[in-house]
Amino acid sequence: MRATSSFSFAAVLPWLLICMLAGISFFAQPVKFLTPGLTSAQLVSVGSTIFHGSHGMQWVAFAVLAVVVVPTKADGRAAWCCLLMACGFLAVQQRVLMPALDLRLALLTEGAAPAASPHHAVYVVLELFKLAALVVLARQRSSIRSQGGLA
């Protein structure tokens, strides 16, 4: 008799992505400002580089989610909705907010004091919405797994 495993890549993958995003956005990024000896412009520049790289990683992860996690027999429509919302939030962050934030970074690097803007706050809110959509997806996939519907 073969032992059955309770591990499911499809059920675990969304949680791994959630942990990675939360670690980057809500731990690593704020903690970098505690680094002594670096200017604000340098710290913001590092953050910009990390977020640009993170966006590429997220698109790859979302593509894997679309292939491995979402297409299951049970309640696929809700899973697609969650994934598409996360993709939409990422697209707005990458295509609308990052160029504006990069412009602010250029001004800061040149020694100018950029005017106040809501771009960073909107980015953070979208990051929270994106994580919420992924949590709903992950919980749904986990509950389907526990009911025996996800291999």
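Residues numbered from 1 in each chain as written. Predicted model: local features only at pLDDT ≥ 70, side-chain atom pairs only at ≥ 80, totals over all residues. Heavy atoms only, no water.

> Honestly, the overall build of the protein in this entry has me stumped. Any pointers?
Along the backbone of the protein there are four helices and zero strands. For the protein, the sequential pattern of α-helices and β-strands runs α-α-α-α. Sequence-distant contacts, at least 24 apart, represent 80% of the contacts inside the protein between residues at least 6 apart. Total accessible area on the protein stands at roughly 8800 Å², and carbon and sulfur atoms take up 71% of it. (Helix = DSSP H or I, 4+ residues; strand = E, 2+ residues; numbered from the N terminus. Contact = heavy atoms within 4.5 Å. Areas by Shrake-Rupley, 256 points an atom, 1.4 Å probe, with all protein chains shown as cover.)

> I would appreciate a short explanation of helix α1 (residues 9-32) in the present structure.
The α-helix advances 3.6 residues per turn, and as a result positions three or four apart in sequence lie on the same side. The terminal C-alpha atoms of α1 lie 32 Å apart, and with 24 residues this matches the ideal 34 Å at 1.5 Å per residue to within 8%. The sharpest bend along α1 measures roughly 35 degrees and falls at G23. Within α1, burial applies to A10, A11, L13, P14, L17, I18, L21, S25, Q29 and K32. (Expected span 1.5 Å × (residues − 1). Bend = angle between axes of the 7 residues up to and from the residue. Buried < 20%, exposed > 50% of the residue type's maximum accessible area, 1.4 Å probe, protein only.)

> Help me understand the packing of helix α2 (residues 40-69) against helix α3 (residues 76-109), please; the structure alone is not making it clear to me.
Packed helices, taken two at a time, are described by their axes: the angle between them and the distance between them. Look at α2 against α3: their axes get within 10 Å of each other, and the N-to-C directions meet at 160 degrees. One way to sum up the angle between α2 and α3 is to call them roughly antiparallel. Along this stretch, α2 crosses α3, giving a crossing that reads as left-handed. Its residues assigned to classes, the contact of α2 with α3 shows 16 nonpolar, nine polar and one charged. (Axes fitted to C-alpha atoms, helices over the stretch in contact; angles between N-to-C directions. Parallel < 35°, antiparallel > 145°, perpendicular 65-115°, else oblique. Left-handed = near helix turned anticlockwise from the far one by under 90°. Nonpolar A, V, L, I, M, F, W, Y, C, P; charged D, E, K, R; others polar.)

> Is there a simple way to explain the state of the cysteines in this structure?
Note on terminology: disulfide describes a covalent bond linking the sulfur atoms of two cysteines. Enumeration over the complete set of coordinates arrives at zero disulfides. The thiol of C81 is unpaired, and the distance to the nearest cysteine sulfur, on C82, comes to 5.8 Å. Residue C81 is classed as partly exposed on the basis of its relative accessible area of 42%. (Disulfide = S-S within 2.5 Å.)

> Sorry, what's going on with the side chain of S25 here?
When you line up the elements, S25 lands in helix α1. Engagement of the side chain of S25 in a polar contact is seen with the side chain of E127, the distance being 2.4 Å. (Polar contact = N/O pair within 3.5 Å; in protein donor to acceptor, adjacent residues only side chain to side chain.)

> What should I look at first to understand the packing of α1 against α2 in this one?
Put simply, α1 and α2 touch, their axes get as near as 11 Å, and they point 170 degrees apart. Judged by the inter-axis angle, α1 sits roughly antiparallel to α2. Its residues assigned to classes, the contact of α1 with α2 shows 19 nonpolar, five polar and one charged.

> Any chance you could explain the side chain of K32 here in plain terms?
Here K32 shows up in helix α1. No salt bridge is formed by the buried K32; the nearest opposite charge belongs to D102, separated by 12 Å. Reaching out from K32, the side chain makes a polar contact with the side chain of Q29 at a distance of 2.5 Å. Setting aside anything within four residues of it in sequence, one finds K32 in contact with L43, V46 and G47. (Lys, Arg positive; Asp, Glu negative; His and termini not counted. Salt bridge = Lys/Arg side-chain N within 4 Å of Asp/Glu carboxyl O.)

> How should the packing of aromatic side chains be read in this particular structure?
Given two aromatic rings, their pairing is described by the distance between the two centres and the angle made by the two planes. What the rule picks out here adds up to three aromatic pairs. Between the aromatic rings of W59 and F62, the centroid separation amounts to 6.3 Å while the plane-to-plane angle is 85 degrees, which identifies the pairing as edge-to-face. Of this pair, W59 and F62 both sit in helix α2, three residues apart, which is roughly one turn of that helix. Its relative accessible area of 32% is what places W59 among the partly exposed residues. (Phe/Tyr/Trp six-rings, centres within 6.5 Å; stacked < 30°, edge-to-face > 60°.)

> Which parts of the structure should I look at to understand the pattern of salt bridges?
It is possible for side chains of opposite charge to pair when their charged atoms get near one another. Taken as a whole and judged by the stated rule, the model has one salt bridge. Between K130 and E127 there is a salt bridge, with its nearest N and O atoms 2.9 Å apart. Remark: E127 and K130 occur in helix α4 (residues 119-146); sequence separation between them is three residues, near one turn of the helix. Accessibility classification places K130 together with E127 in one group, the buried group.

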